[in-house]
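What the coordinates show
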Amino acid sequence: MSLDLPALLPPAWQTLLAPHLDTERTAALGAFVAEEYQTQTVYPPVDDLFSAYRLCAPEDTRVLILGQDPYHKAGQAHGLSFSVRDGVSVPPSLRNVFKELHEDLDVPVSRNGNLTAWAERGVLLLNAVLTVREAKPGSHANKGWEEFTDATIRALDARDSRVVFLLWGGYARKKAALVTNPTHVVLEAGHPSPMNPKGFLGSRPFSATNKALADAGLPGIEWDRSAV
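How each quantity is defined
- The residue numbers shown here count from 1 along each chain, following its written sequence.
- Reporting in this predicted model follows two pLDDT cut-offs: at least 70 for local features of residues, and 80 or more for side-chain atom pairs to be given and counted; totals over whole chains, interfaces and linings ignore these cut-offs and use all residues.
- The side-chain quantities take in all heavy atoms of the structure and omit both hydrogens and water.
- Each helix is a run of DSSP H or I of at least 4 residues and each strand a run of E of at least 2, with the numbering of both proceeding from the N terminus.
- Restricting the calculation to C-alpha atoms gives the radius of gyration, and the globule rule supplies 2.2 Å times the number of residues raised to the power 0.38.
- Between buried and exposed lies partly exposed: a residue is buried under 20% and exposed over 50% of the maximum accessible area for its type, with that area taken using a 1.4 Å probe on protein chains only.
- Contacts were defined at the residue level, with two residues in contact if any of their heavy atoms lie within 4.5 Å.
- Here, Shrake-Rupley sampling with a 1.4 Å probe gives the accessible areas, and only protein chains in the shown set may cover a residue.
- None of His or the chain ends enter the tally, which takes Lys and Arg as positive and Asp and Glu as negative.
- By convention, charge coordinates are those of NZ in Lys, CZ in Arg, CG in Asp, or CD in Glu.
- Within this document, salt bridges are pairs made up of a side-chain nitrogen of Lys or Arg and a carboxyl oxygen of Asp or Glu, the two lying within 4 Å of each other.
- Whenever two N or O atoms come within 3.5 Å, that pair is a polar contact, provided that in protein one can donate a hydrogen and the other can accept it, and provided that, for residues adjacent in sequence, both atoms are side-chain atoms.
- Buried Ala, Val, Leu, Ile, Met, Phe, Trp, Tyr and Cys residues that are joined via side-chain atoms within 4.5 Å together make up what is termed a nonpolar core.
- Should DSSP find at least two bridges between two strands, the strands are taken to pair.
- Axes, fitted as lines to C-alpha atoms, cover a helix only where it is in contact. Angles between the N-to-C directions of the axes lie from 0 to 180 degrees.
- Multiply 1.5 Å by the residue count of a helix minus one, and that product is the helix's expected span.
- Here the arc refers to the set of directions running from the helix axis out to each C-beta atom.
- UniProt positions are given in the numbering used here, feature names are shortened, and annotations may be inferred rather than shown by experiment.

So, on to the overall build of the protein. A count of helical and extended segments in the protein gives nine helices and six strands. Its C-alpha radius of gyration of 17 Å places the protein within 12% of the 17 Å reference for a compact globule of 228 residues. By principal-axis analysis of the C-alpha atoms, the protein measures approximately 50 × 40 × 35 Å. Out of the 228 residues in the protein, the part that is buried amounts to 51%. Long-range pairs, those at least 24 residues apart, make up 69% of the contacts in the protein with a sequence separation of at least 6. Accessible surface for the protein amounts to roughly 10500 Å². Of this, 51% is attributable to carbon and sulfur atoms. For the protein, the distance from the average site of its 22 positive side-chain charges to the average site of its 26 negative ones is 7 Å.

Below, the discussion takes up the side chain of Asp 104. You can see Asp 104 is positioned in helix α5 (residues 92-105). Of the side chains bearing the opposite charge, Arg 204 lies closest to the buried Asp 104, which forms no salt bridge; the N-O distance is 4.6 Å. Within the local environment of Asp 104, its side chain forms a polar contact with the backbone nitrogen of Phe 206, the two atoms lying 3.0 Å apart. Sequence-distant contacts of Asp 104, defined by excluding residues within four places in its chain, comprise Arg 204, Pro 205, Phe 206 and Ser 207.

Here the focus is the side chain of Asp 157. Relative to the elements of secondary structure, Asp 157 occurs in helix α7 (residues 145-157). Among all residues touching Asp 157, those that are not within four sequence positions of it are Phe 165, Leu 178, Val 179, Thr 180, Asn 181 and His 184.

Here we come to the nonpolar core. Core analysis: the largest hydrophobic core is formed by 67 residues, its most contacted members being Ile 65, Trp 118, Trp 145 and Phe 148. Tallying contributions element by element places α7 first for this core, with six residues. Beyond its immediate sequence surroundings of up to four residues, Ile 65 is in contact with Ser 81, Phe 82, Trp 118, Val 123, Leu 124, Leu 125, Leu 126, Leu 166, Trp 168 and Trp 223.

This part takes up the sheet that holds strand β2 (residues 63-67). The strand order across the open sheet formed by four strands is β3-β2-β5-β6, and the pairing between neighbours is parallel. A strand with exactly one partner marks an edge of an open sheet, and here the two such strands are β3 (123-127) and β6 (185-189). For this sheet the average axis-to-axis angle between neighbouring strands, irrespective of direction, equals 20°. With five bridges joining them, strand β5 (residues 164-168) and β6 adopt parallel strand pairing. In the sheet register, Trp 168 faces β6, and the bridge partner there is Ala 189. Sitting on the sheet, helix α9 (residues 205-215) is in contact with β2, β5 and β6, with an inclination near 160° to β5.

Before going further, it helps to spend a moment on helix α3 (residues 23-39). With 17 residues, α3 should reach 24 Å at 1.5 Å per residue; the first-to-last C-alpha distance of 25 Å fits that figure. Taken together, the buried positions of α3 are occupied by Thr 26, Leu 29, Gly 30, Val 33, Ala 34, Glu 36 and Tyr 37. For α3, the arc enclosing every buried residue in end-on projection is 160°, short of the 170-degree limit, so these residues lie on one face. Of the exposed residues in α3, the ones pointing more than 90 degrees away from its buried face are Glu 24, Arg 25 and Gln 38. Close packing links the buried residues of α3 with α1 (5-8), β1 (42-43), β4 (132-133) and α7.

According to UniProt, the positions carrying the feature "active site" (unreviewed entry) are Asp 69. Considering the arrangement of structural elements, one finds Asp 69 in the loop between β2 and α5. The exposure class of Asp 69 is partly exposed, given its relative accessible area of 21%. In contact with Asp 69, other than residues within four places in its own chain, are Asn 127, Val 129, Val 132, Pro 137, Gly 138 and Ser 139. For Asp 69, the side chain forms a polar contact with the main-chain nitrogen of Gly 138, separated by 2.7 Å.

Right under this line is the structure:
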């Protein structure tokens with residue numbers, strides 16, 4: 001059994017990614033992922049696998065925030081980088097994101113870690129690796145997901161409308177090389193993890209993002225998720 005991964009994407013993303021995906025390698029990834037879902041406990045649930053793409057259409061994407069792989073504990077991951085489901089304790093890295101957001105734009109620090117509202121407002125919350133075994137972080141790295149999500153970055157890079165790429169931490173920052181179109185803006189910072197006390201706090205990525213969008217004549221992101 002295999003999962004036809006492109007077929008699970010919304011049609012607009014299927015069309016956008018098709019020129020950037022290798023058919024055989026994508027099929028091999030689909031076979032691996034299907035086997036893992038059948039034989040292991042894997043997060044996020046398969047219905048949430050492409051939540052980032054489902055909630056943020058390509059024509060609406062103005063920002064990409066890149067994570068590494070999903071949370072690996074039960075009930076956390078739901079297909080959006082850094083985000084957790086309603087009712088789940090806010091993870092330490094996300095707490096620092098909220099702290100920086102407060103310092104940057106005076107948005108109140110939230111006790112709710114669900115970032116669905118950002119996705120619906122044009123922020124593609126993408127992990128480089130989209131699945132993980134329970135309690136085994138990094139277990140699905142180097143299985144083909146990186147090529148799939150690199151294709152997403154390349155597809156957005158090929159667009160004429162500005163996208164701001166927020167790359168936090170050493171792993172994400174390596175992806176800056178994929179962004180070659182001068183239309184776009186890459187904003188790099190350290191990872192928000194508390195294990196990395198320097199390089200993220202004080203980087204002011206949210207105001208810088210909105211300025212970059214405004215400079216291109218685009219509306220900024222409403223980062224306060226309580227705002228209508």
